[in-house]
Amino acid sequence: MAVRDGVVAWLGSDDVGREQFPQAEVIELDGALVTPAFVDSHVHITETGLCRIGLDLRPATSAQHCLQLLADYAAAHPGEPIRGHGWDESGWPEGRAPDTAAIDAVVGDRPAYLSRADVHSALASTALRNLVPELPTGIDAATPLTGDAHHRVRAAAGTLLTAGQRAEARAAALDAAAAAGIVALHECAGPDIGGLDDWRELRALGEGGHGVEVIGYWGEAVTSAARARELIADTGARGLGGDLFVDGALGSHTAWLHEPYADAPGCTGVSHLDLDAVTAHLLACTEAEVTAGFHVIGDAAVATVVAALERVVEKFGVPAVARCGHRLEHLEMVTAEQAAKLGAWGVIASMQPVFDALWGGEDGMYAQRLGAKRAAGLNPFALLASQGVPLAFGSDSPVAALDPWAAVRAAAHHRTPGSAVSTRAAFAASTRGGWRAAGINDGLTGTLVAGAPASYAVWETGDLAVQAPRDSVQRWSTDPRARVPALPVLESGVSPQCRRTVHRGVVLHG
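Residues numbered from 1 in each chain as written. Predicted model: local features only at pLDDT ≥ 70, side-chain atom pairs only at ≥ 80, totals over all residues. Heavy atoms only, no water.

Looking at an unreviewed UniProt entry, the protein chain carries the name Amidohydrolase, with the source organism given as Mycolicibacter nonchromogenicus.

Shown next, in the form of structure tokens:
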């Protein structure tokens, strides 16, 4: 492959290339794998970085272990506010998180914010709760904070961060993305995520030349086309969506369901936007030709958005809706009828395959929350693909790690038979799919052909080759027009190691 001025200039055999470009700088890869670079379609960059430089609670195996990790971190960082992430009580023997009293016993009068794995609920010390005077009275100190109370406490915790800490966190996240072979991230920002200041600082960092491209979405509902255009101009976002919450998350019992949770009778989750509000946002964005989007997980939330889209299609027609490239984030509980409609309307599904690897299966968190039968229908990648719904895969980091090969593996090895897609399709959804979701559908970006942006990653796959026979490399087509490289078999659970990441000809890593 020859690259000139950030563009792929030529591809062909080695001997012809050396003869055709005698003055070129030659980089020998010694048999390494070269692929188009990855795009993560849903991340929270500052939160990702804060988790990398803060307290990681993902290893906790019990409530007591969680408290011990908290105590160790508190001792190593005396006098500082504490921010942690990643606890998940669904796999603990107690089946519940520590209460506020237990947190206070460890941290004393220090503010502590500890988000659950899905970041839709959190534990907070009394000192942090006291920083939120508008926190509703009667909040149960024995259970994690959810909904509006969680948003307010998270905002209060954010005010305790210094500008230096925020900058360090963002740089750590972008560096980690580059080291994972990722050249573009879809940042899902919004008033209830990091706020406008966080988004502006992040944009400034991207414009300052880090190299990893940040494509922003702003999750704020509007009711008029004029307001939609104003917000796009003010924020510089690619669309008004991302984590515009219709509901919450299954792990926190806040995803909006038609029927109650199996492990919480009487609870059907939380609705943040009703049908009229969702419809108003879609109407305004479609009129303004702005991409709209929503965070939707529960079946009631999905039904609400599909019903709203139907109203918008009736008013403006399918071409006008499809032209906007509206997005649905997560889209975990979707029926065949809904998938067919979404495919016909050109709605994009931005999904996280690793969720199934983490929480799927007959005894996973999904089954605990919904029962095995309902849980088996979650994240139906094959169904959506079969109905023509464009797929874009990501991590929702910090919910899941910045590991795009893990996403490819999870999508191709779904825990529910019949819900997986091929490795080839999963790879496409993790590369070209991300660019398409961002409105870049030129047929070149996200591929490695002459004329395409030189955005690629170089992978060390030697260990994989040793562990598997020669045919462990899947070659689906000898036709170069397929634009799909040979990919390694991923069943072992070992991901290729990134040796170098390049975006538009500029080396970002390695």
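Next, the rest of the story.
### Things to note about the packing of helix α18 (residues 404–412) against helix α19 (residues 423–430)
Two numbers describe how α18 lies on α19: the axes approach to 8 Å, and their chain directions differ by 140°. Relative to α19, the element α18 lies oblique. Our pair here, α18 against α19, has a crossing hand that is right-handed. In this structure, α18 uses Trp 405, Val 408, Ala 411 and Ala 412 to contact α19, whose residues at the interface are Thr 423, Ala 426, Phe 427 and Ser 430. Partitioning the contact of α18 with α19 into residue classes produces six nonpolar, two polar and no charged. (Axes fitted to C-alpha atoms, helices over the stretch in contact; angles between N-to-C directions. Helix = DSSP H or I, 4+ residues; strand = E, 2+ residues; numbered from the N terminus. Parallel < 35°, antiparallel > 145°, perpendicular 65-115°, else oblique. Left-handed = near helix turned anticlockwise from the far one by under 90°. Contact = heavy atoms within 4.5 Å. Nonpolar A, V, L, I, M, F, W, Y, C, P; charged D, E, K, R; others polar.)

### What to know about the packing of helix α10 (residues 275–288) against helix α11 (residues 299–316)
The interhelical angle for the contact between α10 and α11, taken along N-to-C directions, is 40°, at an axis separation of 9 Å. In terms of their interaxial angle, α10 and α11 are classed as oblique. Read as a crossing pair, α10 and α11 show a hand that is right-handed. Residues Leu 275, Asp 276, Val 278, Thr 279, Leu 282, Leu 283, Thr 286 and Glu 287 of α10 form the contact with α11, whose own contacting residues are Thr 304, Val 305, Ala 307, Ala 308, Leu 309, Arg 311, Val 312, Lys 315 and Phe 316.

### A closer look at the pattern of salt bridges
Pairs may arise between side chains of opposite charge once their charged atoms sit close together. Applying the stated criterion to the full structure yields 23 salt bridges. Here Arg 369 makes a salt bridge to Asp 263, at a shortest N to O gap of 2.8 Å. One end of the pair, Arg 369, is in helix α15 (residues 365–370); the other, Asp 263, is in the loop between β12 (239–240) and α10, with 106 residues separating them in the sequence. Judged by relative accessible area, which is 3%, Arg 369 ranks as buried. A relative accessible area of 34% means that Asp 263 is categorised as partly exposed. Three or more residues joined by partner-sharing salt bridges are found here, namely Asp 88, Glu 89, Arg 116, Asp 118, Asp 263 and Arg 369. (Salt bridge = Lys/Arg side-chain N within 4 Å of Asp/Glu carboxyl O. Buried < 20%, exposed > 50% of the residue type's maximum accessible area, 1.4 Å probe, protein only.)

### Some points on helix α4 (residues 100–107)
Within the sequence span of α4, burial applies to Thr 100, Ile 103 and Val 107. Angular distribution of buried residues about the axis of α4 spans 60°; they occupy a single face of the element. Facing away from the buried side of α4, by more than 90 degrees, are the exposed residues Ala 101 and Ala 105. Immediately downstream of α4, the backbone of Gly 108 shows phi near 65°, a positive value. (Arc of directions from axis to C-beta.)

### Some thoughts on the sheet that holds strand β3 (residues 33–36)
Spatial ordering of the open sheet is given by β3-β17-β20-β21, a layout of four strands whose pairing is antiparallel. In this open sheet, the two edge strands, each paired with only one partner strand, are β3 and β21 (506–509). Within this sheet the neighbouring strands show an average axis-to-axis angle of 25°, counted without direction. (Pairing = 2+ DSSP bridges.)

### What to know about the confidence of the model for the protein chain
On average, the protein chain scores 92 in pLDDT, and the residues at 70 or more come to 94%. In this model residues 465–479 is a low-confidence stretch, pLDDT under 50, and it forms 18 contacts with partners more than four residues away in sequence or in other chains. (pLDDT = per-residue confidence, 0-100.)

### Some remarks on the domain arrangement of the protein chain
Think of interface size as the accessible area that goes away when the parts come together; that is how it is often given. By domain assignment, the protein chain separates into domain 1 (2–38 + 452–509), domain 2 (82–160) and domain 3 (163–438). Put simply, the middle of domain 2 and the middle of domain 3, counted by C-alpha atoms, are 25 Å apart. Domain 2 puts 15 residues into the contact, and the matching count from domain 3 is 18 residues. For the pairing of domain 2 and domain 3, the buried interface totals around 1,200 Å² over both sides, and the portion due to carbon and sulfur atoms is 52%. Among the residues of domain 2 in contact with domain 3, Ser 90, His 120 and His 151 are the three that bury the most area, contributing 38% of the side total. If you look at where domain 2 meets domain 3, you find one salt bridge. (Domains from an automatic or database assignment. Buried area = accessible area lost by both parts, 1.4 Å probe.)

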